[in-house]
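# Close look at the chain arrangement
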Amino acid sequence: MPIRLLQPEVAAKIAAGEVVERPASVVKELLENSLDAGASQVSVEIRGGGADLIRVTDNGCGIPPDELRFVAQRHATSKIGDAHDLEAIATLGFRGEALHSIAAVSQVQLTTRTAADDAAHSLLLQWGSTVSQGVQAAPPGTSVTVRDLFGNVPARRKFLRSPSAEAARISDLVSRFALAFCEVRFLLTIDGHSVITSPGDSRPVNALAAVYGAEVASGMLEARYSEPAAGGYEVWGFITPPSVTRVNRTYTSFFVNRRWIQSRPLSYALEEAYRGFLQTGRHPIAAIHISLPPQDVDVNVHPTKREVRFQHEDRVFSAVQRAIRGALLAHSPVPPLQVEQIP
Ligand code: ADP
Ligand code: MG
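Reading guide: rules and limits
- Residues numbered from 1 in each chain as written.
- Chains lettered and ligands numbered in written order.
- Predicted model: local features only at pLDDT ≥ 70, side-chain atom pairs only at ≥ 80, totals over all residues.
- Heavy atoms only, no water.
- Helix = DSSP H or I, 4+ residues; strand = E, 2+ residues; numbered from the N terminus.
- Buried < 20%, exposed > 50% of the residue type's maximum accessible area, 1.4 Å probe, protein only.
- Contact = heavy atoms within 4.5 Å.
- Core = buried A, V, L, I, M, F, W, Y, C linked by side-chain atoms within 4.5 Å.
- Lys, Arg positive; Asp, Glu negative; His and termini not counted.
- Salt bridge = Lys/Arg side-chain N within 4 Å of Asp/Glu carboxyl O.
- Near = heavy atom within 4 Å.
- Polar contact = N/O pair within 3.5 Å; in protein donor to acceptor, adjacent residues only side chain to side chain.
- Areas by Shrake-Rupley, 256 points an atom, 1.4 Å probe, with all protein chains shown as cover.
- Nonpolar A, V, L, I, M, F, W, Y, C, P; charged D, E, K, R; others polar.
- Pairing = 2+ DSSP bridges.
- Axes fitted to C-alpha atoms, helices over the stretch in contact; angles between N-to-C directions.

Following the sequence through the fold, alanine 120 ends up in strand E4 (residues 120-126). Residue alanine 120 is classed as buried on the basis of its relative accessible area, which comes to 0%. Separated by 42 residues in the primary sequence, alanine 120 and serine 78 have C-alpha atoms spaced 19 Å apart. Excluding its chain neighbours within four sequence positions, the residues that come into contact with alanine 120 are Thr111, Thr112, Arg113, Gly134, Val135, Gln136 and Ala138.

Shown next as structure tokens:
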């Protein structure tokens, strides 16, 4: 076969392969958009593990009608202006790719209204093309409904796991957002059943209670560390005492400037901080927030922004370790197990 330039619709699917791996990726991108829009309430509804339907509705700023035609265009974004902006990203999204990639592999209905408009404007897209546009009554905010995900990419649809497994990933994801944004009320409904309701009352402990239960949340220890210099790194969060553990690491979350990330070095910092406090094979429940100047963290290194690169990884590592170790030692000045001292 001769070498050819891919048709735009083919190229769009390839990009979608990176950003939109599964229903949970769609939910993640839509939630990020709702939070970037300043929403104080976001509801997520899914059916059939998200493959049949995903609906994310927010009360954020909405999209002005004259900008609506740009939303699903690739690299159309309101969040960054030039390449320079990429060096200090303050929003969750910035690539202008998500809606384009989602719309390429599904049927998307977007209804949006700004506070300045009297009516909502809607857009129906199917497999990347605009099918219809309209005006309707709706409260201010945005609602995006994604139907028949990967309906035009059978190979990708085939690789989805069972609806319950995909729903579990979505539930896990919504939980992490609830922990990261405790001032936002999150609601998750799976096949008509309400699964997560976070109060959105700005109290981290109540968000933890919504995710891990009131008993675990009320027994958690507060961890805190801030570098003495102004503009320095700050770490805060909640961790379980050594008496409350789990057998795997999925109950620990790290948020960098409110973005949930996965980081081996940070997981290691947490393990190090607990050294001597836990039996091997046991892991704490923890939600750790790190804030640092946006120019000190590169979020543009991973297609789904799951991993980030720190300018000064050692500083982040030691701040996390100090915060956690400090909380544990304040709770129990002598590590109960003293593992290192066993000959
Ligand atoms: P990005 O988030 O990287 O800018 P997206 O494709 O996710 O790219 O969204 C494109 C644009 O559509 C955003 O920059 C934003 O202006 C607008 N938008 C998308 N979702 C919402 C929403 N829920 N509320 C308000 N504006 C939105
Ligand atoms: Mg986005």
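A few words now on unusual backbone geometry. Comment: phi is negative for the bulk of residues other than glycine, and the bulk of peptide bonds are trans. For serine 202, which is not glycine, the phi torsion reads 70 degrees and is therefore positive. By the element assignment, serine 202 lies in the loop between strand E8 (193-197) and helix H6 (204-212). Even without being a glycine, arginine 258 presents a positive backbone phi close to 80 degrees. Residue arginine 258 is classed as partly exposed on the basis of its relative accessible area, which comes to 33%.

The subject of this paragraph is the nonpolar core. Generally speaking, nonpolar side chains in soluble globular proteins are found buried as a group. Counting 58 residues, the largest nonpolar core has Leu30, Leu31, Val146, Val174 and Phe186 as the members making the most contacts within it. Sort the elements by how many residues they give to this core and helix H5 (residues 163-180) lands first, with eight residues. Core analysis: the second largest hydrophobic core is formed by 32 residues, Ile261, Leu266, Leu278 and Val308 among them.

This part takes up the side chain of arginine 259. Residue placement: arginine 259 occurs in strand E12 (residues 259-261). One buried charge, arginine 259, has no salt-bridge partner; the nearest side chain with opposite charge is glutamate 32, at 4.1 Å.

Structurally, arginine 22 is set in the loop between helix H1 (8-19) and helix H2 (23-36). With relative accessibility at 16%, the residue arginine 22 sits in the buried group. Not counting residues within four places of it along the chain, the set of residues in contact with arginine 22 comprises Leu149, Phe150, Leu160, Arg161, Glu166 and Arg169.

Attention now goes to the site of ligand 1. In the region of ligand 1, 19 residues are neighbours, and Asn33, Thr77, Ser78, Lys79 and Gly96 sit closest. Asparagine 33 is positioned with one of its side-chain polar atoms (N or O) 2.8 Å from an oxygen atom of ligand 1. At a separation of 2.9 Å, an oxygen atom of ligand 1 approaches a polar backbone atom of leucine 99. Burial of ligand 1 by the protein chains amounts to 92% of its free accessible area of 530 Å². Looking at the shell around ligand 1, the elements with two or more residues in it are H2 and helix H3 (98-104). A per-class count over the shell around ligand 1 returns seven nonpolar, eight polar and four charged.

For the rest of this paragraph, the subject is the sheet that holds strand E9 (residues 221-226). Sheet strands pair by backbone hydrogen bonding; their relative direction is either parallel or antiparallel. Spatial ordering of the open sheet is given by E9-E10-E13-E11-E12, a layout of five strands whose pairing is mixed. The outermost strands of the open sheet, each flanked by one partner alone, are E9 and E12. The average undirected angle you get between the axes of adjacent strands in this sheet is 20 degrees. In this structure, strand E11 (residues 252-256) lies alongside strand E13 (residues 286-291), joined through five bridges in parallel fashion. When the sheet's bridge partners are listed, phenylalanine 254 is paired in E13 with isoleucine 288. On top of the sheet, helix H8 (residues 264-273) reaches E11, E12 and E13; it is set at about 125 degrees to E11, its chief contact.

Okay, the sheet that holds strand E3 (residues 107-113) next. Taking strand neighbours across the sheet as the criterion, the eight strands line up as E5-E4-E3-E6-E2-E1-E7-E8 in an open arrangement whose pairing is mixed. The sheet is open, and its two borders are formed by strand E5 (129-136) and E8, each paired with just one other strand. Direction aside, neighbouring strands of the sheet carry axes that sit 15 degrees apart on average. Contacts between H2 and the sheet are confined to strand E1 (41-47), strand E2 (53-58), strand E6 (141-147) and strand E7 (185-190), with E2 contributing the most and set at about 10 degrees to the helix.

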